[in-house]
Amino acid sequence: MAIKKYDVIIIGAGISGLVAAFECINKGKSVLILDRNTKEHLGGLAKLSFGGMALVGTPLQRRLGIKDSPAIALDDWYSFADFGALDVYPKQWAEQYVHESAEQVYHWLLGLDLKFFPVVNWVERGQYKRGNSVPRYHVLWGTGHRLVERFEELLKNHPNRDRLSYLFEHKVTELVEENGKIVGCTAKQKNTSEKDLSFFADYVVVATGGITGCLDKVRENWYKPWGKPPTEMLNGSHPYADGLLHEAVSRKGGNLTHLDKMWNYAAGIPHPKPEFEAHGLSLIPCKSALWLDHSGRRIGPEPMVTGFDTNELCHRISQLDKPYTWQLLNWRIAAKELAISGSEHNPMIRDRKLFSFLREVLLGNHRLVRQLEKESDHFIVARDLHELVNQMNRLNGDNSVDYEVLKQEVTQFDDVIRRGQGLWNDDQLRRIQHARSWRSDRVRTCKPRPILDPSAGPLIAIKLRLITRKSLGGIQTDLQSRILNQLGAPIPGLYAIGEAAGFGGGGASGFKSLEGTFLSGCILTARAAAKSINASV
């Protein structure tokens with residue numbers, strides 16, 4: 001029996017894999033996509049994402065009066081990345097990103113009939129170091145769900161669609177090498193006892209994501225200066241993001257870098273309908289809520305406020321005595337500010353229902369608050385502070401939250417608010433005012449009012465844990481997305497894209513991300529790989 005050979009094998013059917021496949025069949029290449037999951041999960045985590053992208057120098061920014069440029073963006077990027085002297089390839093990818101994101105991502109997606117919501121949000125503004133000095137966070141209208149859906153359509157209806165094949169539920173375990181060149185891979189088919197299957201191609205592209213779907217690997221690679229990892233974490237990725245192909249690449253001489261750099265979130269709750277162990281939901285926590293430790297004390301001395309430095313929030317939580325925190329707020333705050341990251345809990349944006357979305361923005365997202373109250377035992381609603389503390393302790397199974405301590409914390413905060421804006425000496429209130437200074441964030445951030453204001457109730461407490469999401473490090477690549485060995489030379493026939501490549505170079509974001517560099521990083525690295533493959537003879 002003759003063995004079929006393809007021009008390109010892409011391991012992973014996430015958004016980077018789909019983009020690379022699209023670009024390759026555009027040039028008539030034959031492509032095989034292998035994926036561990038089922039066909040229903042085509043698109044991977046991108047399909048569940050919110051669809052935000054950090055883009056530089058777009059027409060939308062200019063229309064909103066935002067003065068941005070690659071030079072400004074690169075300066076911001078370097079401030080957050082904290083690159084070392086040896087980070088040659090991450091620096092190259094960072095520079096490539098800020099110069100190419102407008103043309104290679106924004107305009108390219110518009111040309112494929114994808115649209116962006118007509119606002120730009122301001123995230124990761126920086127706390128101790130400057131982050132985004134201007135708003136850059138563009139949101140796809142339809143979220144990441146629409147992005148994946150559109151590429152499904154493009155591939156299904158492509159004139160060269162007969163050049164593309166999929167094999168789902170195939171777990172790639174090894175790369176095949178002949179005479180120093182990668183010529184294929186071996187895979188196990190799920191739920192069968194058959195021997196490994198072999199697949200061959202001129203080029204193999206690794207698009208399998210990172211390592212943050214495996215909590216053991218997260219702990220193993222935890223950033224050592226932070227000490228020991230939290231004893232309890234939630235999985236905001238997927239168990240198949242386990243680094244299996246990283247290890248296969250390493251066995252063939254590929255260089256792995258910065259696996260201790262990760263993009264985790266500080267505000268996770270257990271998924272009400274879990275699909276795997278420790279499955280979590282990542283909340284976009286409220287700026288106006290008080291962030292408390294396990295006893296009900298406000299975390300300080302500098303208060304924790306979301307939207308400025310996600311990495312620093314995770315750092316501070318990892319240093320606490322207990323692996324969980326609380327946010328204290330009221331219904332008014334929750335309805336205006338609370339959100340859940342991803343497409344699943346943002347149906348109005350995902351399904352492109354403009355009127356319904358605007359109504360929720362203007363009148364409050366009471367739908368989401370009621371849903372969380374109904375579905376999550378970590379989302380506690382109570383008429384008064386006594387009842388709230390009782391329920392918090394009941395959830396914990398102890399009496400660790402002290403009513404008098406919590407009452408004092410919230411009363412002191414409310415007293416500062418009552419003094420009037422000119423007398424606010426609380427850093428959280430200053431940051432809230434800073435957030436409200438930008439128009440698109442003002443509509444999602446409350447004007448400060450006392451938390452215990454009876455007209456703003458009932459009260460809410462949310463029990464939070466650190467939740468994993470993305471690997472910032474990975475397989476080292478050059479600007480053509482070719483995998484490099486430890487001497488910096490390309491391994492013939494082998495590429496890595498998306499999160500597997502640390503979104504370029506094995507760690508383009510460095511220590512911290514400016515947020516929104518992930519989907520767009522997947523697109524940039526995938527297009528670079530396809531361009532290199534298509535140019536090869």
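Nothing here was measured: the structure is a model prediction, and the numbers come from that model. (Residues numbered from 1 in each chain as written. Predicted model: local features only at pLDDT ≥ 70, side-chain atom pairs only at ≥ 80, totals over all residues. Heavy atoms only, no water.)

## Concerning the nonpolar core
Formed by 74 residues in total, the largest nonpolar core has its most connected members in Met53, Leu109 and Phe151. For this core, the element with the most residues is helix α17 (residues 519-535), which contributes nine residues. Ignoring any residue separated from it by four or fewer positions in sequence, one finds Phe151 in contact with Ile15, Leu18, Val19, Phe22, Trp108, Leu109, Leu112 and Leu114. Grouped together as the second largest cluster of nonpolar side chains are 60 residues, Ala267, Phe413, Trp424 and Ile460 included. (Core = buried A, V, L, I, M, F, W, Y, C linked by side-chain atoms within 4.5 Å. Buried < 20%, exposed > 50% of the residue type's maximum accessible area, 1.4 Å probe, protein only. Helix = DSSP H or I, 4+ residues; strand = E, 2+ residues; numbered from the N terminus. Contact = heavy atoms within 4.5 Å.)

## Structural notes on the sheet that holds strand β5 (residues 137-140)
Across the sheet, three strands lie side by side as β3-β5-β4; this open sheet has antiparallel pairing. The sheet is open, and its two edges are formed by β3 (52-54) and β4 (116-121), each paired on a single side. Between one strand and the next, the sheet's axes are offset by a mean angle of 30°, whatever the strand orientation. Pairing of β3 with β5 involves three bridges; the strand directions are antiparallel. (Pairing = 2+ DSSP bridges. Axes fitted to C-alpha atoms, helices over the stretch in contact; angles between N-to-C directions.)

## Re helix α4 (residues 88-111)
Taking 1.5 Å per residue, 24 residues should reach 34 Å; α4 reaches 33 Å between its end C-alpha atoms and fits that length. Maximal helix bending in α4 amounts to about 70°, located at Glu100. The set of residues buried in α4 consists of Tyr89, Pro90, Trp93, Ala94, Tyr97, Val98, Ser101, Ala102, Val105, Tyr106, Trp108 and Leu109. Just beyond α4, the residue with positive phi is Asp113, at close to 70°. (Expected span 1.5 Å × (residues − 1). Bend = angle between axes of the 7 residues up to and from the residue.)

## Quick word on the packing of aromatic side chains
Per the counting criterion, the structure on display carries 18 aromatic pairs. With a centroid separation of 5.0 Å and 40° between ring planes, the pair formed by Phe503 and Phe518 is classed as tilted. Here the residue Phe503 occupies a position in the loop between β20 (490-496) and α17, and Phe518 occupies one in the loop between β20 and α17, the gap between them amounting to 15 residues. The burial state of Phe503 is the same as that of Phe518; both residues are buried. (Phe/Tyr/Trp six-rings, centres within 6.5 Å; stacked < 30°, edge-to-face > 60°.)

Keep in mind that these numbers describe shape and distance, not what the molecule does.
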